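Breakdown of the fold
This is what each chain is made of:
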Amino acid sequence: MIATRKGTERIVALNAAARALGILAGEPLADARARHPGLASDAQAPAEEAALLAALADWCDRYTPLVALDSDDGLLLDITGCAHLFARDGAGATQDDGLPAGERALMDDCLRRLGDQGFAARAAVADTPAAAWALARHAPEPDGLAGAAAGAGIAPGAWRDALVALPIAALRLEEATVDALARVGLTRIADVVDRPRGPLASRFGRELVRRIDRLRGDEAEPISPRLAVPLLAADRRFFEPISREEDVRGVILALAERLSRDLERRGEGGRAFELALFRVDGVVNRVTVGTSRALREPARVLGLFAERLAALGDDFDAGFGFDLVRLCVLEAQRFEAVQSDFTQAGEQTEALDALIDRLGARLGIARVARFLPCDSHLPEARQKLVPAALVDTTALVWCSETPVAPDTPQLRPLRLIDPPEPVEAVAMVPEGPPLRFRWRRALYEVRACEGPERLVPPWWQSPQPPQARDYYRVEDGEGRRFWLYREGFYEADAGVELRAPRWFLQGLYA
Amino acid sequence: MVAVPRPDPDRTRLVELRSRIAALEGRLSSEAQLQPDPASAANGQGPARLLTGVAGFDGLFAAAGMPCGTLHEATSAESRSGGALTGFAAALLSCLAARRTGAVLWVMEPDGGRETGSPNAEGLARFGLDPARVVLVRARCVAEMLWAVEEGVQAKGVCAVVAEMRGAPRALDLTASRRLLLRAEAGGATAFLLRHAGGAAPTAAVTRFRIAARPSGGREDRRLAPLGRPGWRVELQRNRDGRPGTVELEWDHAMRSFAAPADREPVVPRTGDGPAGAPGTGRVVAFARR
């Protein structure tokens, strides 16, 4: 892999074979080519590498929910409390290097699976992120294993033995600091770790002291995970990958049952669920559904995911099967147990909510909408379509119960054309109603007309003074009714040439 | 069957006064309250038939009134008559929603709004259909639309489902519509297929209404005259529950009910400098005491 740095093409990454030839990362490509003309090289693609790393991070989600990206070629996993799940029965509690069996098994599993996928990875497990980082990136490579998967671990509390021999760069310092330390002969971690902190800080900056503290575990270093940690999660691993849809459904139901027990204990119900399907080849499919009310019934959770998977259709590719299925609750809410009453009103709302969830799961939550009234007098801004699953129905007050006196006109149309369509109209000058107009190439004679109703768009929102609109309700010879407006006036101001206003059609009446 | 009397100027004044009193008292006027008939209200399903109060319309069906809990179809000749078709649907939905509880599911095609615009909440509210009860679904394809309708008619909290489309989609054949019909009859919600510029493609719906706008009657040159009530020329082209026929209908906003057209001059709301008022306004009339 090559990239252009400081005006020359330099080698940024190389494989084991190249390393065996004595080529170093950072070397100009021309120098390496001079020695070994047969080198194959390819330009670096940072975007694709980042995508690959993100996919790997997704995949690492199988070990812990706390996965963070580390610069552009590493991953940090917080496996606190997760490792014991991987310890196999019968294995000794600790191995010869003092690493607990769970951690060892987790790391081995991770390296083995990555190796199967064709990645050469190096891993380290330690008490602190800084120690693990130092060990993974700067530990001397075991002989004969250069470039292949390699893992190392530090037993709890034993960081000193493992790390003091590492070069000072393993402290994750800036290059300038490393150089400065090297000039005074401090090249190994052992050289600085027990020195008085005051002089070190005053000479090389506080950063060095902080890094040492982090290595020792005196200062906590939280990792920033890529994904939000789910409130609750349940997963199931398979020795033999599953791929049939019925199997996946069965697993979802079983996981939902486990989650429902947890939710019940917390007195909550889920508002958003996520299903993560870990494919054997490392791809992770994530499917999210939202619900309109707190939900914990396993059958209904399964129903929502079934709609979602059905909607995915051919996009849902099981490949060689899934070996891990996880169901998470991303969002939860107090679950209010309702007692059903005789009026069945509660039952009806619940049935409607269930329908809205089902439709939303299949079509997308924004495609199932309700009309939300908006405080504006412009017709196109008076209503907003909001997802029915998210809106609080008490906010939908449309005052339709006010009785109307007979023969008050229908002010607003039944259908709104947005954006309004321009029409050619013949109208009385200067401010009269339209007499005939042409809309979509058809000519309409106005036979009856009501209006005008003048609306002015908010002047404080546009730099130019907005044009007033005069709305007319008109009827053509066959009884069709339209809502037309004229934008602006026929005007001939002093010095300004005559400007004909434009006409638009914005709605249809019954 | 309670037939709503023909509106005459005196009656109109009476309704106006009553609704004004009702507005002061903060309730719906007595005429606007539509009672479900007691026989079928007992099962909580609302009436099995929708009485519009217009004898010419109700009489077209085998038993008086349009059957509920089944599949109906309404078409218009051209998509520019979309206002009339929507108005007729809104009027029927308003009658239905007043008699039953539950939401109205309005399912639209993917680009349904492009040709005829999208339903406007305030316009629906004017017809007496509370927009808060409407759930608008925008499907991505016809197959999804049919699926949503099918789910809707089976759901308990839904009183009516509208499926709006242009022309005659191939996916909506006899089999698909028969499926919808059976689901609607099993589920209890009333389903309407609204087909803008819909041809004569056969469906399994119980009825097929051909809707055209009806010019408001009156004098010849009515430029600047008010529009009056919305009206339709409803041709019942096919009716498995009675006989076909043609009837002209109007919608009375105050009563929230259909009415037979009276072809009277639209009454002009009294304004200071508006166009000349029609005869009858501003005149004190006496009417018999009941």
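Broken down by element type, chain B carries eight helices and 12 strands. Buried residues in chain B amount to 56% of all 290 residues. Taking all contacts inside chain B whose residues are at least 6 apart in sequence as the whole, residues at least 24 apart take part in 71%. Carbon together with sulfur atoms contributes 52% to the accessible area of chain B, which is approximately 12200 Å² in total.

It is worth spelling out the environment of A311(A) at this point. If you trace the backbone, A311(A) turns up in helix α12 (residues 298–312). Overall, the relative accessible area of 27% leaves A311(A) in the partly exposed class. Separated by 52 residues in the primary sequence, A311(A) and L363(A) have C-alpha atoms spaced 7.3 Å apart. Ignoring any residue separated from it by four or fewer positions in sequence, one finds A311(A) in contact with R362(A) and R140(B).

This paragraph deals with the confidence of the model for chain B. All names here are of chain B. Mean pLDDT over chain B stands at 79; residues scoring 70 or higher make up 73%. Across residues 1–7, confidence stays below pLDDT 50; counting only partners more than four residues off in sequence or on other chains, it has 12 contacts. Taken together, the stretch residues 268–283 has pLDDT below 50 and engages in 14 contacts with residues farther than four places along the chain or on a different chain.

Listed per partner, the contact involves 79 residues of chain B and 66 residues of chain A. For the pairing of chain B and chain A, the buried interface totals around 6300 Å² over both sides, and the portion due to carbon and sulfur atoms is 54%. Where chain B touches chain A, the interface holds 26 residue pairs in polar contact (both at pLDDT 80 or more). Of the residues belonging to the side of chain B that touches chain A, the class tally is 36 nonpolar, 20 polar and 23 charged. By the bridge criterion, two bridges tie strand β13 (residues 415–427) of chain A to strand β5 (residues 118–119) of chain B in an arrangement that is antiparallel. Within β5(B), the position partnered with R415(A) by the bridge is P119(B).

Quick look at the sheet that holds strand β8 (residues 190–196) of chain B now. In space, the 11 strands of this open sheet follow the order β12(A)-β11(A)-β6(B)-β4(B)-β7(B)-β8(B)-β3(B)-β9(B)-β10(B)-β11(B)-β12(B), with mixed pairing throughout. Both edges of this open sheet fall to β12 (383–387) of chain A together with β12 (257–259) of chain B, since each of them pairs with a single strand only. Going from strand to strand, the sheet's axes swing by 30° on average, the running direction of each strand aside. Strand direction decides the pairing type here: strand β7 (residues 158–166) of chain B and β8(B), joined by seven bridges, are parallel. Along β8(B), the bridge assignment pairs V162(B) with F192(B). Across the sheet, helix α13 (residues 345–363) of chain A is in contact with β11 (368–373) of chain A together with β4 (103–108), β6 (134–138) and β7 of chain B; its angle to β11(A) comes to roughly 115°. Taken strand by strand, helix α4 (residues 82–99) of chain B contacts β3 (71–76), β4, β7, β8, β9 (207–213), β10 (231–239), β11 (245–252) and β12 of chain B, and its axis lies near 170° from that of β8(B).

Parameters and conventions
- Residues numbered from 1 in each chain as written.
- Chains lettered and ligands numbered in written order.
- Predicted model: local features only at pLDDT ≥ 70, side-chain atom pairs only at ≥ 80, totals over all residues.
- Heavy atoms only, no water.
- Helix = DSSP H or I, 4+ residues; strand = E, 2+ residues; numbered from the N terminus.
- Buried < 20%, exposed > 50% of the residue type's maximum accessible area, 1.4 Å probe, protein only.
- Contact = heavy atoms within 4.5 Å.
- Areas by Shrake-Rupley, 256 points an atom, 1.4 Å probe, with all protein chains shown as cover.
- pLDDT = per-residue confidence, 0-100.
- Buried area = accessible area lost by both parts, 1.4 Å probe.
- Polar contact = N/O pair within 3.5 Å; in protein donor to acceptor, adjacent residues only side chain to side chain.
- Nonpolar A, V, L, I, M, F, W, Y, C, P; charged D, E, K, R; others polar.
- Pairing = 2+ DSSP bridges.
- Axes fitted to C-alpha atoms, helices over the stretch in contact; angles between N-to-C directions.

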